[in-house]
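# Descriptive structure summary
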Amino acid sequence: MPIENPFGLFRSECEGAIRLSLKNLRLTPDHILLEVPPKAIKAELAFPCFSLAKKYKISPIEIANKIASIINGKKWKFIDKVEVAGGGYVNFYLNYPELASELFKSVNMLNQDYGKLKTDKPLKIIVEHTSANPIHPLHIGAARNAVLGDTLARILKARGHLVKTHFYIDDVGLQVAIAAYGYSKVKNVKVNMKADHFIGLIYAMTNCIIEIWKLKKRLKELEELGEGFEEERAKIHSELSEWISIAKELRDRNQELFDKLLNEINSDPNPIQSIIDLDHKYEIGDKNAIKIIREMCKLCIEGFKETLGRANIFHDSWDWESDIVWSSRVKFVLENLKRTPFINYENGALIFNADDAAKALNLKKDLGISESYEIPKLTLVRSDGRTLYTTRDIAYTLWQFEHADKVIHVIGAEQSLPQLQLRIALAAIGKRKLALNLIHFAYELVHMPGFKMSSRRGRYIDLDRILDEAIERAREEVIKRSPHLDENKINEISKIVGIGAVRYALLCVSPSKRITFTWNRVLDFERNSAPFIQYAHARACNILAKYGDKLPENYDTKLLSHGLEKSLILQVAKLPEVIAEAADNLKIELLTDYANALALTFNSFYDTLPVLKAKPIELRNARLHLVNAVRIALRNTLNLMGIEAPTKM
């Protein structure tokens, strides 16, 4: 049987050796903690004796020496030796030939499954991600959400969990009503563009025309009021000038579409009220409102699916917010919250006192909130009877938990407060366990230097454009490096490299940090990027292709004595634990760090040590097995990030 976790064999043997030693010494540890020593120390694991020393009032160096003496007095398979260091550490040194032998067998047998260390407690998990408003194309910010969510789902599946990915279609609210109002006026205009780009242009144009209409209306009101109001007039004129400039930009993009919208909206006595009415009618389930809004949203969603598919992202379920609204679920939430002491009315609006609830239910500590932080109130229902997004999100989350043990919402860090209020509301209606099993996987924004995005103004960097440019830039690099490839192969590799570069760029920075997206960084073949890692994988494939036959059987792992060879053995052996930690702690960046470090080491190995010309033959063969192990580890890690691993570049 193949070993799922080769490095775990060494770790387990170290733990067993410590237990045996402590039993002989009649010492009982509270727990056995193995640490990874600093890089300057060549040992692979270390056992600190300080807590034992404190417990038994013995010098830590004395305990360490006694443990080391017992361990060194016995024969072990994976422990080469132990040494005492640092005034009380027992350092464990790895028997690399033995680990390499087990590693090569496991990697070859498991192949695409190598690294997937299954949990003994699998959960049903919903990862809800992307969930962009269906009113414009997916932009670079939504792309980070999508790539993070998709990769998170892949890692959790690799860990053995039963994972489903959901997209929450936010089709209720004024923004959607604005886009649908405009769409209803120009839906029959023929345009040569992708559906979501068409809807995005309509939304920007409609919003612009409405803003100009509002400002002109207010100027007319001020004229009727007579003198005074100079400051407000000046402000309106300034805003009007900006919006007229935006209108010109939008009209230049499609004159026919803009002019038809302008005429239709200006013929409406009160377009703002028409939009509010459309929003309200949709929320209460009016058939005509449903027809126009659903039609528009479905067009936009088809565009989303096409774009996401290009980036290797697919959802298991597309959930409509309106379905939640039209069901009894929102009513259930409101009725249950009204039974709590945390609800009151303010100016006709229904308010949830989240801070009072958190204090009364002793939630702050469990949710990781400072006791001194006062959580703002949450408006559940407006004075006109319309519910708010977070109210509907509470109902949606309850629905999600009908299908899952754990729910992960991948949503921007700017939504931290609503997500916190949502969890407190769940606890307030008696769903404390659900509140604690709901995870807000927050991420920061993506910054494009020299560009300020605004979907209301039609200014955004859409993901389609990013992917197109990435593929084109990758093509230039592929031709430069491999001019001998035929056109079809160049196109295939350019697509794989370009899309992989974008995905990796959105993953390699911790979600808690802002990303600055620059092309020279995204497509850097020399350091920490998808092309850099893909190139290392292609190099490994090239070595194995030149050898040609299936991997040789007569190899000697004892000959793999160079520091770079040992580093590669250790890194490949640790992959299962890296993936497990990334899944258990939701730390995607561990994968990018791992892949980059492995590629760096392999490139040094490639430049320093011969493989095909290595002698004796047993060394050559051992290095071929090592190269194959690296190839599989790089490919599997890239695949978990949704990135293909080309065999040529």
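## Side note on the overall build of the protein chain
A tally of regular secondary structure across the protein chain gives 24 helices and 13 strands. Counting only C-alpha atoms, the protein chain reaches 100 × 70 × 45 Å along its principal axes. Residue burial in the protein chain is summarised as follows: out of 649 residues, 54% are buried. Contacts spanning at least 24 positions in sequence make up 76% of the contacts within the protein chain whose residues lie at least 6 apart. A total of about 29600 Å² of accessible surface is found on the protein chain, and carbon and sulfur atoms cover 50% of it.

## A closer look at the layout of surface pockets
Counted as a void, the second largest pocket has a volume near 1000 Å³. Every residue lining the second largest pocket is counted, 31 residues in all, and those nearest its centre are Val36, Lys39, Glu44, Leu570 and Lys574. Going through the elements one at a time, α1 (6-24), β3 (89-94), α4 (96-110), α22 (563-584) and α23 (589-608) are the ones with two or more residues in the lining of the second largest pocket. No other element matches the nine residues that α22 contributes to the lining of the second largest pocket. Of the residues in the lining of the second largest pocket, the class split is 16 nonpolar, four polar and eleven charged.

## Remarks on α22
Residues spaced three or four apart along an α-helix point in a common direction, a consequence of the helix completing one turn every 3.6 residues. The first and last C-alpha atoms of α22 sit 31 Å apart over 22 residues, in line with the 32 Å expected at 1.5 Å per residue. Within α22, 16 of the 22 residues are buried, leaving the element largely enclosed by the surrounding structure. Leu586, located one to two residues past α22, shows a positive phi value of around 55 degrees.

## Considerations on the sheet that holds strand β7 (residues 343-346)
Here we have three strands laid out as an open sheet, ordered β7-β8-β9, and antiparallel in their pairing. The open sheet has two edge strands with one neighbour each: β7 and β9 (378-381). Between one strand axis and the next, the sheet turns through 40 degrees on average, direction left out of account. In the sheet, strand β8 (residues 349-352) pairs with β9 via three bridges, with the strands oriented antiparallel. Counterpart to Leu350 in the pairing with β9 is Val381.

## Thoughts on the sheet that holds strand β4 (residues 124-128)
The strand order β6-β5-β4-β10-β11 describes an open sheet built from five strands, whose pairing is parallel. Of all the strands in the sheet, the pair left with one neighbour each is β6 (317-320) and β11 (438-443). Within the sheet, the average angular offset between the axes of one strand and its neighbour, ignoring direction, is 25 degrees. Contacts from helix α16 (residues 416-428) reach β10 (406-412) and β11 within the one sheet, and its direction differs from that of β11 by about 175 degrees.

## Quick look at the pairing of β4
Burial analysis of β4 places four of its five residues in the buried class, the great majority of the element. Judged from the five bridges that link them, β4 and strand β5 (residues 162-169) form a sheet pairing that is parallel. Bridging across to β5, Lys124 finds its partner in Leu162. For the handedness criterion, the β-α-β arrangement of β4, helix α5 (residues 140-158) and β5 is classed as right-handed. One ladder, built from four bridges, connects β4 with β10; its direction is parallel.

## Observations concerning the packing of aromatic side chains
The full count for this structure, using the stated rule, is twelve aromatic pairs. Between Tyr168 and Tyr396, the ring centres sit 3.8 Å apart and the planes meet at 5 degrees, which makes this aromatic pair stacked. Taken together, the residues Tyr168 in strand β5 and Tyr396 in helix α15 (residues 389-401) connect sequence positions 228 residues apart. Owing to a relative accessible area of 0%, Tyr396 belongs among the buried residues under this scheme. Here the basic side chain of Lys574 rests over the ring of Phe7, its NZ or CZ set 5.0 Å away from the ring centre.

The rules behind each value
Residues numbered from 1 in each chain as written. Predicted model: local features only at pLDDT ≥ 70, side-chain atom pairs only at ≥ 80, totals over all residues. Heavy atoms only, no water. Helix = DSSP H or I, 4+ residues; strand = E, 2+ residues; numbered from the N terminus. Buried < 20%, exposed > 50% of the residue type's maximum accessible area, 1.4 Å probe, protein only. Contact = heavy atoms within 4.5 Å. Areas by Shrake-Rupley, 256 points an atom, 1.4 Å probe, with all protein chains shown as cover. 1 Å grid on protein atoms, 1.4 Å probe; cavity = no way out; pocket = protein on both sides within 12 Å on 5 of 7 lines; lining within 4 Å. Points joined across faces, edges and corners; volume = space filled by probe spheres on them. Nonpolar A, V, L, I, M, F, W, Y, C, P; charged D, E, K, R; others polar. Expected span 1.5 Å × (residues − 1). Pairing = 2+ DSSP bridges. Axes fitted to C-alpha atoms, helices over the stretch in contact; angles between N-to-C directions. Right-handed = clockwise from strand over helix to strand, strands pointing away. Phe/Tyr/Trp six-rings, centres within 6.5 Å; stacked < 30°, edge-to-face > 60°. Lys NZ or Arg CZ within 6 Å of the ring centre and 35° of its normal.

So far we have only geometry, and geometry alone does not tell us how the molecule works.
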